[in-house]
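As a plain string of letters, each chain reads:
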Amino acid sequence: MATKKYTVTLPEALAEEIRSEVGAGAFSAYVTRAIERQRERDRLGELVERLEGEYGPVTDADLAAAEAERREIERWFQEHEASVASHRKAA
């Protein structure tokens, strides 16, 4: 990917905290990843707005159903992993 140098202004304390954690050589890569994540969030927000405009807002019942489904999927994966581990021990 081609790169180009830009000048941005950041709060000094934040920039120094990041630089001390990731090192001076990885600072630009860290900032790039942060910007990419923000762009993904922005696009997701735009999608949510468009879908809510078309289908209406997400209801509490919708959220509860989605959370129940997420828990069920998580439970299935935990049981599946336990089963695989059990079979490996038996072999």
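A quick note: this is a predicted structure, and the numbers were derived from the prediction, not measured.

About the thresholds
- Residues numbered from 1 in each chain as written.
- Predicted model: local features only at pLDDT ≥ 70, side-chain atom pairs only at ≥ 80, totals over all residues.
- Heavy atoms only, no water.
- Helix = DSSP H or I, 4+ residues; strand = E, 2+ residues; numbered from the N terminus.
- Rg over C-alpha atoms; globule rule 2.2 N^0.38 Å.
- Buried < 20%, exposed > 50% of the residue type's maximum accessible area, 1.4 Å probe, protein only.
- Areas by Shrake-Rupley, 256 points an atom, 1.4 Å probe, with all protein chains shown as cover.
- Polar contact = N/O pair within 3.5 Å; in protein donor to acceptor, adjacent residues only side chain to side chain.
- Patch = residues over 30% accessible without salt bridge, like charges linked within 9 Å, V, L, I, M, F, W, Y side chains within 5 Å.
- Salt bridge = Lys/Arg side-chain N within 4 Å of Asp/Glu carboxyl O.
- pLDDT = per-residue confidence, 0-100.
- Expected span 1.5 Å × (residues − 1).

1. Overview of the overall build of the chain
- Tallying secondary structure elements over the chain gives three helices and zero strands in all.
- Traced from its N-terminal end to its C-terminal end, the chain shows the element sequence α-α-α.
- Against the globule reference of 12 Å for 91 residues, the chain gives a C-alpha radius of gyration of 22 Å, more extended than a compact globule.
- By principal-axis analysis of the C-alpha atoms, the chain measures approximately 55 × 50 × 30 Å.
- Of all 91 residues assigned to the chain, the portion counted as buried reaches 3%.
- Surface exposure of the chain reaches about 8500 Å², of which carbon and sulfur atoms provide 55%.

2. Focus on the environment of Thr-59
- Locating Thr-59 in the fold gives a position in the loop between helix 2 (27-55) and helix 3 (60-90).
- Among the polar contacts listed, one links the side chain of Thr-59 to the backbone nitrogen of Asp-62, at a separation of 3.0 Å.

3. What about a nonpolar patch on the surface?
- Taken together, Leu-44, Leu-47, Val-48, Leu-51 and Tyr-55 make up a surface patch of nonpolar side chains, about 480 Å² in accessible area.
- Turning to its location among the elements, Val-48 is positioned in helix 2.

4. Things to note about the pattern of salt bridges
- Per the counting criterion, the structure on display carries four salt bridges.
- The shortest N-O distance in the salt bridge between Arg-70 and Glu-67 comes to 2.6 Å. Residue Arg-70 and its partner Glu-67 are both found in helix 3; the two are separated by three residues, about one turn of the helix.
- A relative accessible area of 30% places Glu-67 in the partly exposed class.
- The partner of Arg-71 in a salt bridge is Glu-67, with the nearest N and O atoms 3.4 Å apart. One end of the pair is Arg-71 and the other is Glu-67, both in helix 3 and four residues apart, which spans about a single turn.
- With a relative accessible area of 41%, Arg-71 lands in the partly exposed category.
- A single salt-bridge network, built from bridges that share partners, covers Glu-67, Arg-70, Arg-71 and Glu-74.

5. Some words on the confidence of the model for the chain
- When the pLDDT values of the chain are averaged, the result is 94; 100% of them are 70 or greater.
- Mean pLDDT in the chain bottoms out at helix 3, which sits at 93, and peaks at helix 2, which reaches 97.

6. Side note on helix 2
- Helix length check: helix 2 (29 residues) gives 42 Å between terminal C-alpha atoms against 42 Å at 1.5 Å per residue, within 8%.
- Directly beyond the C-terminal end of helix 2, a positive phi value near 95° is found at Gly-56.

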